[in-house]
There are 2 protein chains.
Amino acid sequence: MTAPRVLVLDDDPLPRLDRLAGRADVLHSNAKTLASRLPEADVLLVWDFTSDAVRHAWPGPGARPRWVHTASAGVDRLLFPELLASDTVITNARGVFDRPIAEYVAGLVLALAKDFRGTWAAQQEHRWVHRETAKVYGSNAVIVGSGPIGRRIGAMLQSLGVAVELVGRRARERDPAFGRVHSADSLPELLPETDWVVCAAPLTPQTTGMFDAETLALLRPSARLINIGRGAHVVTDDLADALRAGRLGGAALDVLPDEPLPPDSPLWDVPNLLISPHMSGDTFGWRDDLADQFLDNFDRWHADRPLFSVVDKQLGYVPSEDT
Amino acid sequence: MTAPRVLVLDDDPLPRLDRLAGRADVLHSNAKTLASRLPEADVLLVWDFTSDAVRHAWPGPGARPRWVHTASAGVDRLLFPELLASDTVITNARGVFDRPIAEYVAGLVLALAKDFRGTWAAQQEHRWVHRETAKVYGSNAVIVGSGPIGRRIGAMLQSLGVAVELVGRRARERDPAFGRVHSADSLPELLPETDWVVCAAPLTPQTTGMFDAETLALLRPSARLINIGRGAHVVTDDLADALRAGRLGGAALDVLPDEPLPPDSPLWDVPNLLISPHMSGDTFGWRDDLADQFLDNFDRWHADRPLFSVVDKQLGYVPSEDT
């Protein structure tokens, strides 16, 4: 029996895959060499999950790996027709980012409520500018995305005294943590009442561009939008217009349609817009956590046991009982 | 029966005391006129709690109010010998600031862990600088101050997954929320192990200057100090030295020995030091909350019922079962 071949679409630093020693041959590729190496691979580890190389390389000639694992929660870069139509199984990094991202969002909610950026800007100018700021307790939030990341965000905001409404693919009564889960149909009723909107949805045709001028117009002028999903969830020109016109209280984008955001983008200077470089889930050790998660799944694959975190290729994410 | 006279040491904006109409005569004073008006007053409301006017005016000639209420949690400005030796009762704003300050501290912990200031500084320069940041979950904190503010901070950090050690005036086993409350004697064992130190203590002779070079030297180079107590808890020169030398990971001071901090203070530019203008508890509506709290206590005083939030003048704060 030949050892299975695990092809890694590399990124720096490389994953620690010592546990594969003697059990698999590890091959490496980059965006240029991926197409030529794909036919040799039994498994593809998309370590550089910011690359579109798989989408470009896959439709070419030759055999294809039966399993693709992406070291990311979002799988949108893999949802192209040839891979969707194939028998190849896709798995993702479900779980690794939940709590780090929830902490990041809770931190943004508190930082926005307390205007930390205004305080630190005044500090740079040696100015002591006392202001009153908002309570977070007693405010309310709409979280779009009822997967593990959205749920963890919701639980953390609840622990801060925020009333949370969760929006998922389909409405359900009697959710154990949130009482009720709404469908996107309810957004016209929910958004005008909320202080915080958090986007933690998978990027699918249904959610692409969902935060456009029409949706943003539903929000109060004091409301704030936080996006840790995918950049394409938000129509950034519409968001910038709303912020410049004072029709929205503020926003924080950890993800952008175009990453990294170019230095000459006007978004950097939009008032009341916080931009962070797609780092909400990336805590110290995250790469090792991602590698370990792949290796755990490899153990299952190698033993012919069912993989965990298998993406529903029609839905575009890993479904679960409560999403 | 003459109406009681309530003297207000004013601050702008004035308290809303409509509820006193027909029940008390409201007199006003400022730092200059306080001494001459004190003998006329039955009750003194220290609305401008940042003023040392009471300390200066009180030792003069004439009668003195029997009750002094300060619209602040800290009563350190009232702990001078002549007031301590008198029969006058002191009450404070216990409770109003607990949750707002806890939110502020939780926000600082998250903002420091995720390096929001670094991200927003990069945003100003249009730079996309991805970094890994710390998890808050699984970290640990020492909170100095076991009154309602320290306890609320502790509960909120616990809800974020932080292991909290509470330090109070005296050690106790079997605290319902924190398992164990330590005395300051335990700081040499606690501080070398902690990620976060939060000062929420009352300012007393025992706590003044407690965060000096010697105490700061006990902390890990990665640890962070947050002070929302009183400026004089921290020896700021020692803190600045530790931060400049990289012996401490960071600090956030919402209170300073000298407020407002003068524009030429070198503290503004100390690396990894966040300065905010004594605003951690001051949420929208806080002044009305403070006025209402005084009025509730006035109702008791007027009905000859026991006041709440009575300061133990020997301890220097309002004692309670669990502090």
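Bear in mind that the values here come from a model prediction, so they are computed numbers and not experimental data. (Residues numbered from 1 in each chain as written. Chains lettered and ligands numbered in written order. Predicted model: local features only at pLDDT ≥ 70, side-chain atom pairs only at ≥ 80, totals over all residues. Heavy atoms only, no water.)

Visitor: So what's going on with the overall build of chain A? Residues and values would help.
Guide: Counting secondary structure elements, chain A contains 10 helices and 13 strands. Its C-alpha radius of gyration of 21 Å places chain A within 12% of the 20 Å reference for a compact globule of 323 residues. Here chain A, with 323 residues, has 55% of them falling under the buried criterion. Within chain A, contacts between residues at least 6 apart in sequence are counted, and of these 59% link residues at least 24 apart. A distance of 3 Å separates the average location of the 33 positive side-chain charges in chain A from that of its 44 negative side-chain charges. (Helix = DSSP H or I, 4+ residues; strand = E, 2+ residues; numbered from the N terminus. Rg over C-alpha atoms; globule rule 2.2 N^0.38 Å. Buried < 20%, exposed > 50% of the residue type's maximum accessible area, 1.4 Å probe, protein only. Contact = heavy atoms within 4.5 Å. Lys, Arg positive; Asp, Glu negative; His and termini not counted. Charge placed at Lys NZ, Arg CZ, Asp CG, Glu CD.)

Visitor: Can you explain the interface of chain B and chain A? Please cite residues and give values.
Guide: With 53 residues of chain B in contact, the opposing surface of chain A contributes 53 residues. Of the roughly 5200 Å² buried between chain B and chain A, counting both surfaces, carbon and sulfur atoms make up 63%. On inspection of chain B and its partner chain A, the count reaches 6 salt bridges. One salt bridge in this structure joins Asp289(B) and Lys135(A), with 3.7 Å as the shortest N-O distance. For the interface between chain B and chain A, the tally reads 30 residue pairs in polar contact (both at pLDDT 80 or more). When residues in the side of chain B that touches chain A are grouped by element, the largest group, 9 residues, is from helix α4 (residues 98–113) of chain B. Here the side of chain B that touches chain A is composed, by residue class, of 27 nonpolar, 13 polar and 13 charged. (Buried area = accessible area lost by both parts, 1.4 Å probe. Salt bridge = Lys/Arg side-chain N within 4 Å of Asp/Glu carboxyl O. Polar contact = N/O pair within 3.5 Å; in protein donor to acceptor, adjacent residues only side chain to side chain. Nonpolar A, V, L, I, M, F, W, Y, C, P; charged D, E, K, R; others polar.)

Visitor: Tell me about the sheet that holds strand β11 (residues 224–227) of chain A, residues and numbers included.
Guide: All names here are of chain A. Taken in spatial order, the 8 strands of this open sheet run β8-β9-β7-β6-β10-β11-β12-β13, and their pairing is mixed. Strands with a single pairing partner mark the edges of an open sheet, and in this sheet they are β8 (172–175) and β13 (273–275). Put simply, the sheet's adjacent strands are angled 20° from each other on average, direction ignored. As paired elements, strand β12 (residues 250–253) and β13 share 3 bridges and run parallel to each other. Bridged to Leu253 within β13 is Ile275. (Pairing = 2+ DSSP bridges. Axes fitted to C-alpha atoms, helices over the stretch in contact; angles between N-to-C directions.)

Visitor: Would you mind going over the pairing of strand β10 (residues 196–199) of chain A in detail, with residue names and values included?
Guide: Residue and element names in this part refer to chain A. Side chains of β10 alternate between two faces, with Trp196 and Val198 and Val197 and Cys199 buried alike. Judged from the 4 bridges that link them, strand β6 (residues 140–144) and β10 form a sheet pairing that is parallel. Looking at the pairing, Val142 lines up with Val197 of β10. Relative to β11, β10 runs parallel, the two being bridged by 4 bridges. The residue bridging Cys199 from the neighbouring strand is Asn227, located in β11.

Visitor: Mind laying out the sheet that holds strand β13 (residues 273–275) of chain B, listing which residues take part and the relevant values?
Guide: Residue and element names in this part refer to chain B. Pairing in this open sheet of 8 strands is mixed, and the strands run β8-β9-β7-β6-β10-β11-β12-β13 from one edge to the other. Of all strands in the sheet, those bounded by a partner on one side alone are β8 (172–175) and β13. Neighbouring strand axes in the sheet, compared pairwise and without regard to direction, differ in orientation by 20° on average.

Visitor: Quick rundown of the nonpolar core? Include the residues and the values.
Guide: The biggest cluster of nonpolar side chains holds 114 residues, and the ones touching the most others in it are Ile153(A), Leu157(A), Phe294(A), Ile153(B), Leu157(B) and Phe294(B). Not counting chain neighbours up to four residues away, the residues in contact with Ile153(B) comprise Ile101(B), Ala102(B), Val105(B), Ile143(B), Val198(B), Ala200(B) and Ile228(B). (Core = buried A, V, L, I, M, F, W, Y, C linked by side-chain atoms within 4.5 Å.)

Visitor: Account for the domain arrangement of chain A, naming residues and giving values.
Guide: All names here are of chain A. Domain annotation of chain A identifies domain 1 (5–96 + 285–302) and domain 2 (98–275). Averaged C-alpha coordinates put domain 1 and domain 2 at centres separated by 31 Å. The partner domain 2 presents 6 residues to the 8 residues of domain 1 that form the contact. Interface area for domain 1 against domain 2, summed over the two sides, is near 530 Å², with a carbon-plus-sulfur share of 49%. Counting the contacts that link domain 1 with domain 2 gives 1 salt bridge. The closest approach of N and O atoms between Arg230 and Asp76, which form a salt bridge, is 2.8 Å. (Domains from an automatic or database assignment.)

Visitor: Break down the pattern of salt bridges for me, with residues and values.
Guide: This structure, assessed with the given rule, holds 38 salt bridges over all chains. Note that Glu103(B) is salt-bridged to Lys114(A), the shortest N-O span being 2.9 Å. Of this pair, Glu103(B) sits in helix α4 while Lys114(A) sits in helix α4 (residues 98–114), each in a different chain. Comparing Glu103(B) with Lys114(A) shows no difference in burial state: the two are buried. In this structure, a network of salt bridges that share partners links the residues Arg19(A), Arg23(A), Asp296(A) and Asp299(A).

Visitor: Provide a residue-level description of the environment of Asp10(A), including the pertinent values.
Guide: All names here are of chain A. Here Asp10 lies in the loop between β1 (5–9) and β2 (25–29). On the accessibility criterion, Asp10 (22% relative accessible area) is partly exposed. Not counting residues within four places of it along the chain, the set of residues in contact with Asp10 comprises His28, Ser29, Trp47 and Asp48. Polar side-chain contacts of Asp10 include one of 2.8 Å to the side chain of His28.

Visitor: Now, about empty space enclosed by the protein: what can you tell me, with residues and values included?
Guide: Residues and elements named next belong to chain B. Inspection of the entire model under this criterion finds 7 cavities of 30 Å³ or more. Taken as a whole, the largest cavity encloses approximately 70 Å³ of empty space. Val46, Phe49, Ser51, Val54, Thr70, Ser72, Gly74, Val75, Asp76, Arg77, Leu78 and Arg230 together form the lining of the largest cavity. Looking at side-chain class alone, the lining of the largest cavity contains 5 nonpolar, 4 polar and 3 charged residues. (1 Å grid on protein atoms, 1.4 Å probe; cavity = no way out; pocket = protein on both sides within 12 Å on 5 of 7 lines; lining within 4 Å. Points joined across faces, edges and corners; volume = space filled by probe spheres on them.)

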